[in-house]
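# Architecture and fold: a report
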Amino acid sequence: MNNIVWTIASSDSSAGAGIQADLHTIKALGADGCSVISAVTAQNSVAVDLVESVSDKMLIAQLDALASDMPAKIIKIGLIASIEHVKIIAEKLADYKANWDVAPFVIYDPVAVASTGDEMSEDGINEIIKTQLLPVVDLLTPNAKEVFTLSGHMLISGESLKGATEKLIEMGCKSVLIKGGHLPFLEDQCIDYYYDGEREIALTSPRLENVHSHGTGCTLASAIAATMAQNYFIEDALVIAKAYLNQGLKASKQLGKGEGSIAHLGWPNNNRDFPEVVLPESKVGYELDLQGTLEAGPGFVSCDTLKLGLYPVLDTVEWLEKVLKSGVKTLQLRIKDKQPEQVEQQIIDAIALGKKYDARMFINDYWQLAIKHQAYGVHLGQEDMDVADLGLIADAGLRLGLSTHGYYEILRAKQLKPSYIALGHIFETQTKDMPSDPQGLERLGKYAALLSDTPTVAIGGINLQRAPEVYKTGVGSIAVVTAITLADDYQSVIDEFNQIIK
Ligand SMILES: Cc1ncc(COP(=O)(O)OP(=O)(O)O)c(N)n1
Ligand SMILES: Cc1nc(C(=O)O)sc1CCOP(=O)(O)O
Ligand SMILES: [Mg+2]
C-alpha cells in the first residue's frame, strides 16, 4: 500500500531542516516521501547565505509530475520564499482537494525565519499566506513567533493559546498545533497545544537541555504527515511525532560551529520519549484552562498480576456461571442499553458469583451499581471516562479497566493509573460497531511494548486461530465474546485458549 507524503519546501544545504529533514523523517517513520522544491538555500549551522526560489515553471512541473502519477495522501508544506509560489501552491491544493479521488490532508509548517535568525522569504509574503494559503490548510503548525506573525496574538499565558488558535481557524485553516518550544510560561515544559474548533489536545514533555534543535519544526510536521499517511488518527500522529522529536533531540549532533540538528532514528518505542497527555485537572491543564474533569489521582487497586489470562466478556449471568465452572478467573458482565433497574439483579448475581469462584468479575458501564454492590472491578470506555466519577470508583476500592484504541487514548488512560488497559479492536468484530479500523497485530505489539508495566488486555475479533499471534505481542490477556458464545464446544475452546495464554 502506498502511503505517499509530499513535502513542498526548500532545500537546506546543511541537511538539518527543509526538504532533507522532511524526507529523513518520512522515511524513518515508514511512509513514502516525494519532494517538490520551492527554493534552494545556501546555509550552514551559523547563517543562511542565499535563498533562491526555483522558477515558477519548475515548481509547477514538479507538482504536475507528481500529481499525474503519485498523488499524495498527505501534503506537508514548509519554507516557501516567493509570493508567486504561495499563490501557485494554494491554487494547486484547492484543485487537488476538489478533484482527486481522495482529497489530500494539508499540513503547513510556516517557516518565516530560520533558527539562525535570518529572514528567508520575500517581503509581503505573509499577507498572501494568510489570505490564499491558510484556507486550504488542514493543520497549521506554528511556533509562538509564527502565531504572532500570522494572527497578531502574543502567547503570554496558557489561556492565550486557545484564543490564538481560534483566530487562526477564523482565518481559514481547519486546525492548529501550536508548538510550545519557546513559550514564556511553564518554562520547564515543552507543551504542544492542538485545537480544531471543537477538540483541544495538549501534550507535554520536560524541556530537554543541551540538545541541538535545528530542524525541529520541519521534523515535527513531517512526522505528523508520515504517521497520518499510515492511517493513524491525528491525535495519535501528534503523540508519535512528539516522541519522534524527543528521541531525535536526545541524539542530536553538532556538525558545524553553530546549532546542530536532530537525529532521525526510526519509530519511537521508548516510554521515556513519549509525551504526557495533559489532563484538565493538572498544573499544566489549569494553566491552559483545559475543559473537563479528568485528573491523575492516586490510581486504582491493582489486579495483583500483569497477566489476567483469558477474559470472557458475556451478557448473561448464565454464561458467567458456565465459564466460571470451566475455571475462568477474569471475566466481565457486559449488558448494553438497559436502564439500571433492569440490570441491578444481574449485577448483584454476577458479583456474588465472582466472589464464590474467587474470580475477577468486572462490570461494564454500570459503575454506580458496581460501587453499590462492591464489585471486584468496573470496565469503562473512552466516553464513559469523561462522565463517570472515577474518584468515587477509586475511593470505593474497585479496580478499573479502561478501553483504548490508539496511542493518544493509551497515554491518557495511563495517566489515570487504571488496573488494566484494554487495547482494541485488533481485528474486525461482529459484536460491536466500531468507528475506526482494526488496529492489527503490528500496532498491538507497539502498544504492548509501551505498557510493559501495566496489565494489558487485547480485544476485538480474537479467536483460537489468532490467539497465538496476539499473545506473542506481549499482551497479558485476551478478551473475547463470540469466540466463546458462538463456539460449538465452549469448554474445549476455553481449555485451548488456556494452553495458548500461559
Ligand atoms: C476488556 C474489554 N475491553 C473493551 C471493552 C469495550 O468497552 P467500551 O469501550 O466501554 O464499550 P462497550 O463494551 O461498553 O460497548 C470491554 N467491554 N471490555
Ligand atoms: C466489546 C468490544 N469492545 C471492543 C473494543 O475494541 O473496545 S471490541 C469488542 C467486541 C469484542 O467481541 P468479539 O470478541 O466477538 O470480537
Ligand atoms: Mg462501556
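Everything that follows concerns the structure shown earlier in this document.
A brief look at the structure comes next. (Residues numbered from 1 in each chain as written. Chains lettered and ligands numbered in written order. Predicted model: local features only at pLDDT ≥ 70, side-chain atom pairs only at ≥ 80, totals over all residues. Heavy atoms only, no water.)

## Section: the overall build of the protein chain
Put simply, the rule is: Under the scheme used here, helices are H or I runs from DSSP no shorter than 4 residues and strands are E runs no shorter than 2 residues, and both carry numbers assigned from the N terminus. Burial status follows relative accessibility: with a 1.4 Å probe on protein chains alone, a residue under 20% of its type maximum counts as buried, one over 50% as exposed, and anything between as partly exposed. Residue contacts follow a heavy-atom distance rule, with two residues in contact if any of their heavy atoms lie within 4.5 Å. Methods summary: accessible areas were calculated by the Shrake-Rupley approach with a probe of 1.4 Å, and residue burial reflects only the protein chains presented. Under this rule, positive means Lys or Arg and negative means Asp or Glu; His and the chain ends count for nothing. Where a charge lies is defined by one atom per residue type: Lys uses NZ, Arg uses CZ, Asp uses CG and Glu uses CD.
Secondary structure assignment for the protein chain yields 19 helices and 18 strands. Referenced to the eigenvectors of the C-alpha coordinate spread, the extents of the protein chain come out at roughly 80 × 45 × 40 Å. Per-residue burial over the protein chain gives 56% buried out of 502 residues. When contacts within the protein chain are restricted to residue pairs at least 6 apart in sequence, those whose partners lie at least 24 apart make up 65%. Working note: accessible area of the protein chain is about 21,300 Å², and carbon and sulfur atoms make up 50% of it. A gap of 6 Å separates the mean positions of the 42 positive and 65 negative side-chain charges of the protein chain.

## Quick look at the sheet that holds strand β18 (residues 477-480)
Inclusion rule: Any two strands with at least two DSSP bridges between them are considered paired. Angles shown run from 0 to 180 degrees and are taken between the N-to-C directions of axes, each axis being a line fitted to C-alpha atoms and, for helices, limited to the stretch in contact.
Spatial strand order, β11-β12-β13-β14-β15-β16-β17-β18: 8 strands in a closed barrel with parallel pairing. Taking each pair of neighbouring strands and ignoring which way they run, the sheet shows an average axis angle of 25 degrees. Of the strands in this sheet, β12 (330-333) and β13 (360-364) are in contact with helix α11 (residues 340-356), which crosses β13 at around 160 degrees.

## Regarding the site of ligand 1
Threshold: Note on definitions. A residue lies near a molecule or strand when any single heavy atom of the residue is within 4 Å of it. Whenever a nitrogen or oxygen atom comes within 3.5 Å of another N or O atom, the pair is scored as a polar contact, on the condition that within protein one atom can donate a hydrogen and the other can accept it, and that pairs from neighbouring residues in sequence are kept only if both atoms are in side chains.
Around ligand 1, the surrounding shell holds 17 residues, and the nearest of these are Gln332, Arg334, Lys336, Ser403 and Lys432. Within the side chain of His379, one N or O atom sits 3.3 Å away from an oxygen atom of ligand 1. One nitrogen or oxygen atom from the side chain of Asp384 is found 3.3 Å from an oxygen atom belonging to ligand 1. For ligand 1, whose unbound accessible area comes to 420 Å², protein coverage reaches 92%. Sorting the residues of the shell around ligand 1 by element identifies β14 (377-380), β16 (420-423) and β17 (456-459) as the ones contributing at least two each.

## What to know about the packing of aromatic side chains
Heads up, the condition is: Side-chain rings of Phe, Tyr and Trp, where Trp is taken by its six-membered ring, are said to pair if the distance between their centres is within 6.5 Å; with planes under 30 degrees apart they count as stacked, over 60 as edge-to-face, and otherwise as tilted. Whether a charge lies above a ring is judged from NZ of Lys or CZ of Arg, which has to be within 6 Å of the ring centre and within 35 degrees of the ring normal.
Following the criterion strictly, the structure yields 12 aromatic pairs and no others. Seen in terms of ring centroids, Trp6 and Trp100 are 5.5 Å apart; in terms of plane orientation they differ by 80 degrees. Their pairing is edge-to-face. Of the two residues, Trp6 sits in strand β1 (residues 4-12) while Trp100 sits in the loop between α3 (83-99) and β5 (105-108), which places them 94 residues apart along the sequence. For the pair Trp6 and Trp100, a shared accessibility class is recorded, and that class is buried. Centre to centre, the rings of Tyr311 and Tyr420 are 5.7 Å apart; their planes meet at 85 degrees, and the pair counts as edge-to-face. Pair noted here: Tyr311 is in strand β11 (residues 309-314) and Tyr420 is in strand β16, with a separation of 109 residues, a long-range link. When sorted by exposure, Tyr311 lands in the same class as Tyr420, which is buried. Above the ring of Tyr232, the side-chain terminus of Arg443 is found at 3.5 Å from the ring centroid. Between the NZ or CZ atom of Arg466 and the centre of the ring of Phe427, over which it lies, the distance is 4.1 Å.

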